[in-house]
Structure formats: structure tokens, C-alpha cells
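Spelled out from the first residue to the last, the chains are:
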Amino acid sequence: MKALIFYFSGTGNTEYAARYLQKRLANLSVELDLRSIENILPKDCAEFDLLIIGFPVYAGAPPEFFQEFVNSLPAVNKKGIFVFCTRAMFTGQAIANVSDNLSDKGYIPLGHKIIGMPGSDGLPFMNNNSKYVQRALKKDYSNLSKIDTFADKIAYVINEINQGKSVDSMRRQPPKEIPLLSRVFQLLWNLGYKFAEKKIKPKFWVDEKCINCQLCIKQCPSKNISMKNGFIIFDTHCYMCMRCINQCPREAIQIGKGTINKFRWKGPMGDFKPECK
Ligand SMILES: Cc1cc2nc3c(=O)[nH]c(=O)nc-3n(C[C@H](O)[C@H](O)[C@H](O)COP(=O)(O)O)c2cc1C
Ligand code: SF4
Ligand code: SF4
């Protein structure tokens, strides 16, 4: 059996979870590949027998560009999927959004997991010595029980399938529709995010510490950054993934004034280097 973990990660949390999962599944009798969606096309996922899909929650949903990738996966006849997301506080219907769309295309949901991580949306606005930042830095990421149980579940299902059980018989419905009150909360949460996004996107700028290394241009997943007349400039199609602001080696990228001299996050182990072409 050939399986693929594909994911997107802006600031390293989801990538860390994906790699952690890959390590936990290393002893299985399955060929397991790991790719960022920046390095694989939806059509190339067709060669795998099982997909494990990971993403960060944005505004109580999968990031729009991630959902577009998922929507472009080829239709299949009964292929198993596991779905996981990383998030700070509120997941909304993120898992169901991905699972439902894929169910319509012939994929069979086999399990899912929500993994708590520090909030990439807030961290670059926080002081280095704030409680939230200190908690994020001190957390032990080497033992994540949620991913361990998820890995056990995946291992169990793969073993069953390898022994002849049908994928269909292992189906596990994605989380049920959230109740009315949560739906209202989700709507408000979404509106809040859309409002914040509109305000924040035009506020990216680069301060005098920039050394023109162009790393931000190379790493931006939406190709939103370029150089003009020797200066770094930002276009209008930002995904708000927060990668550039955290990865800049000079901490020169700012959002308004709120991020000046504030914290920068490089993933749970402090070593996130995005896999991009
Ligand atoms: C634009 C944006 C929106 C976010 N929205 C939510 C949200 O609605 N709920 C939540 O719990 N976390 C939210 N987060 C936090 C991320 O989901 C969380 O930090 C995630 O682990 C980031 O993963 P990454 O480092 O792989 O990008 C948001 C982060 C960003 C950048
Ligand atoms: S990564 Fe930072 S230092 Fe390098 S070009 Fe971009 S803004 Fe300048
Ligand atoms: S410009 Fe936007 S999409 Fe590009 S890396 Fe920065 S936050 Fe992400």
C-alpha cells in the first residue's frame, strides 16, 4: 500500500504534526510519503492508495487555497482518507468541510483529529515575555498524545485493510453538524476574521533591517511578495499564513506597528523551514 500525508503549514505547526505522525507510522508495512501542497499537484495524489490530509484552521475553516487544492483532487472509487487540523482555539466545521467535499468524490473518511497548537495569527503581535509566548515556548512538543492516538488509529485501519477488510467497512463519519448556537458563533467568528483580514492585508511592510535576501519572495506560498526598485513590496493576494513575518532572518517584515520588536514563531521546535520550490 502507498500512502501520502499532504499538508499546508504557514508557520510550522502543521508541518511538525505531519512529521511527528510520519515518524509514529514508520514501522507500518506501508510506503508513506510526506508532501506540502506546495510540492505536489492534486492530480499526483491519484497514485496513492490512502491520503492523510493536514491543514491549519483559518477563521474556523480550512484555508481557502487549501480547500481549493482538496476540491481539485481527482474523483475516485472508494479511497480512504484521514483528516487532521492544527488550531489554537476554535475549529468550527473545518474537518467536516474537507471530509464532506471529498466524500462526494468517492473518498471514504476513516478518521480525523484536531490538534491544539499556539495561534499563528496572534504570536507576532505579542511581547516575547508574554504569558502566551512563554507557554508556547515551554510546552513539551516531543510527546503529543493526540497525535499518538491518531497514529494508533491509522495503524489499526491500515493493518485491517492489509488483511483484506474493505475500506468501506472502516468508514468513520466526520464530526456531526455543529449545533445552532455554535453555528451562530461560527458566523460571527468568520465575519470578525474577514473584517480583520481586510484591515491587516494592506498593512504589511518592510523596515530598514531588510538585507534584500529575497527569502520572503521565495517562501511566500501565494507569490504575493516581489522586489521593485530595490524594495520588497506586497501585492493584494496574501493568504495571511504569517510565514514571511516569522521567517524573515532580520525580523524586518511588519504588520502596521503592532509587530515591531514583538515575538517571531519558527514552529514547535524553533526550526521550521518551509518546503517550497
Ligand atoms: C489567518 C489565520 C486565521 C486563524 N484562524 C484560526 C481559527 O479560526 N481558529 C483557531 O483555533 N486558530 C486559528 N488560527 C491559528 C492556527 O490555526 C494555528 O496556529 C495553526 O496551528 C497554524 O498552523 P501552521 O503553523 O501550520 O500554519 C489562525 C491563524 C491564522 C494565520
Ligand atoms: S526575508 Fe526579510 S531580509 Fe530577506 S528580503 Fe525579505 S524582508 Fe528583506
Ligand atoms: S505575504 Fe501573505 S501569503 Fe505571503 S508569506 Fe506573507 S503572510 Fe503568507
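Presented here is a report on the structure given in the accompanying data block. Everything numeric in this text was worked out from a predicted model, so none of it was measured.

1. Re the overall build of the protein
Phase 1 of the analysis: Looking only at helices and strands, the protein features eight helices and nine strands.
Phase 2 of the analysis: Taking 19 Å as the expected radius of gyration for a compact globule of 277 residues, we find that the protein reaches 19 Å, a close match to that expectation.
Phase 3 of the analysis: For the protein, the spread of C-alpha atoms along the principal axes amounts to about 60 × 40 × 35 Å.
Phase 4 of the analysis: Here the protein, with 277 residues, has 49% of them falling under the buried criterion.
Phase 5 of the analysis: Approximately 14,000 Å² of the protein is accessible, and the part contributed by carbon and sulfur atoms is 54%.
Phase 6 of the analysis: Each charge sign in the protein was given a centre, from 39 positive and 25 negative side chains, and these centres are 6 Å apart.

2. With respect to the pattern of salt bridges
Phase 1 of the analysis: Summed over all chains, the structure comprises twelve salt bridges.
Phase 2 of the analysis: For glutamate 38, the salt bridge identified is with arginine 243, shortest N-O distance 2.7 Å. With glutamate 38 in the loop between strand E2 (31–36) and strand E3 (50–56) and arginine 243 in helix H8 (residues 243–247), this pair connects stretches of sequence that are 205 residues apart.
Phase 3 of the analysis: Taking relative accessible area as the criterion, glutamate 38 reaches 19% and is therefore assigned buried.
Phase 4 of the analysis: Residue arginine 243 is classed as buried on the basis of its relative accessible area of 1%.
Phase 5 of the analysis: Between aspartate 168 and arginine 171 there is a salt bridge; the shortest N-O distance is 3.0 Å.
Phase 6 of the analysis: Taking relative accessible area as the criterion, aspartate 168 reaches 30% and is therefore assigned partly exposed.
Phase 7 of the analysis: What makes arginine 171 partly exposed here is its relative accessible area of 39%.
Phase 8 of the analysis: Linked through salt bridges whose partners overlap, the residues forming this network are Lys78, Asp168 and Arg171.

3. A look at the pairing of strand E7 (residues 225–228)
Sheet faces and side chains relate simply in a regular strand, where the side chains alternate between the two faces.
Phase 1 of the analysis: Relative to strand E8 (residues 231–234), E7 is paired through four bridges, and the arrangement is antiparallel. Directly across from isoleucine 225, in E8, lies its bridge partner phenylalanine 234.
Phase 2 of the analysis: Linking two consecutive strands that pair antiparallel, namely E7 and E8, is a turn of two residues; a positive phi of about 50° is found at asparagine 229 within it.

4. Structural notes on the packing of aromatic side chains
Phase 1 of the analysis: Scanning the entire structure with this criterion turns up 16 aromatic pairs.
Phase 2 of the analysis: Between phenylalanine 55 and phenylalanine 66, the aromatic rings sit 5.3 Å apart at their centres with planes inclined by 35°, giving tilted as the arrangement. Within this pair, whereas phenylalanine 55 is found in strand E3, its partner phenylalanine 66 is found in helix H2 (residues 64–71), the two being separated by eleven residues in sequence. Taken individually, phenylalanine 55 and phenylalanine 66 each receive the classification buried, so the pair is uniform in this respect.
Phase 3 of the analysis: Connected via pairs of aromatic rings, a cluster forms that spans Tyr16, Tyr20, Tyr141, Phe263 and Trp265.

5. A word on the site of ligand 1
Phase 1 of the analysis: Taken together, 25 residues form the shell around ligand 1, and within it Ser9, Thr11, Thr14, Val57 and Met89 come nearest.
Phase 2 of the analysis: Contact distances for ligand 1 include 2.5 Å between an oxygen atom and a backbone N or O atom of methionine 89.
Phase 3 of the analysis: The separation between an oxygen atom of ligand 1 and a polar main-chain atom of phenylalanine 90 is 2.7 Å.
Phase 4 of the analysis: The protein chains hide 98% of the 650 Å² of surface that ligand 1 would expose on its own.
Phase 5 of the analysis: Mapped by element, the contributors of at least two residues to the shell around ligand 1 are helix H1 (13–24), strand E4 (79–87) and helix H6 (180–200).
Phase 6 of the analysis: Of the residues contributing to the shell around ligand 1, the split by class is 13 nonpolar, ten polar and two charged.

Each value, and the rule that gives it
Residues numbered from 1 in each chain as written. Chains lettered and ligands numbered in written order. Predicted model: local features only at pLDDT ≥ 70, side-chain atom pairs only at ≥ 80, totals over all residues. Heavy atoms only, no water. Helix = DSSP H or I, 4+ residues; strand = E, 2+ residues; numbered from the N terminus. Rg over C-alpha atoms; globule rule 2.2 N^0.38 Å. Buried < 20%, exposed > 50% of the residue type's maximum accessible area, 1.4 Å probe, protein only. Areas by Shrake-Rupley, 256 points an atom, 1.4 Å probe, with all protein chains shown as cover. Lys, Arg positive; Asp, Glu negative; His and termini not counted. Charge placed at Lys NZ, Arg CZ, Asp CG, Glu CD. Salt bridge = Lys/Arg side-chain N within 4 Å of Asp/Glu carboxyl O. Pairing = 2+ DSSP bridges. Phe/Tyr/Trp six-rings, centres within 6.5 Å; stacked < 30°, edge-to-face > 60°. Near = heavy atom within 4 Å. Polar contact = N/O pair within 3.5 Å; in protein donor to acceptor, adjacent residues only side chain to side chain. Nonpolar A, V, L, I, M, F, W, Y, C, P; charged D, E, K, R; others polar.

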